[in-house]
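# A look at the structure
Chain by chain, the residues run as shown.
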Amino acid sequence: MILKIVTLFLVAIGVLAMFGKVNLPGRKAASLKCRKCGRYRIGKAPCDCGGRKK
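A few points on the structure. Keep in mind the model is a prediction, meaning the values are calculated, not measured.

## What to know about the overall build of the chain
Broken down by element type, the chain carries one helix and zero strands. Counting every position in the chain, which comprises 54 residues, the buried fraction comes to 4%. Roughly 5,500 Å² of accessible area belongs to the chain as shown, and the carbon and sulfur atoms make up 67% of that amount.

## Points about the environment of arginine 39
Turning to its location among the elements, arginine 39 is positioned in the segment after helix 1 (2–20). Overall, the relative accessible area of 37% leaves arginine 39 in the partly exposed class. Taking the C-alpha atoms as reference, arginine 39 lies 8.8 Å from cysteine 49; in sequence the two are ten residues apart.

## Points about a nonpolar patch on the surface
A cluster of nonpolar side chains, namely Ile2, Val6, Phe9, Leu10, Ile13 and Leu16, defines an oily patch on the protein surface of about 630 Å² accessible area. Relative to the helices and strands, valine 6 is located in helix 1.

Calculation notes
Residues numbered from 1 in each chain as written. Predicted model: local features only at pLDDT ≥ 70, side-chain atom pairs only at ≥ 80, totals over all residues. Heavy atoms only, no water. Helix = DSSP H or I, 4+ residues; strand = E, 2+ residues; numbered from the N terminus. Buried < 20%, exposed > 50% of the residue type's maximum accessible area, 1.4 Å probe, protein only. Areas by Shrake-Rupley, 256 points an atom, 1.4 Å probe, with all protein chains shown as cover. Patch = residues over 30% accessible without salt bridge, like charges linked within 9 Å, V, L, I, M, F, W, Y side chains within 5 Å. Salt bridge = Lys/Arg side-chain N within 4 Å of Asp/Glu carboxyl O.

Written out as structure tokens, the structure reads:
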């Protein structure tokens, strides 16, 4: 019984991982790094550097 539950849990996690990697059409991909300073950006907000290179 426990083996069934663990297997179903792992399958569900695998399905969620596949949906997380899907690129939906019409959705613009955000760049991961700031073009000016090179730091990683989190979320959609602009970088805190304000255009200054460090």
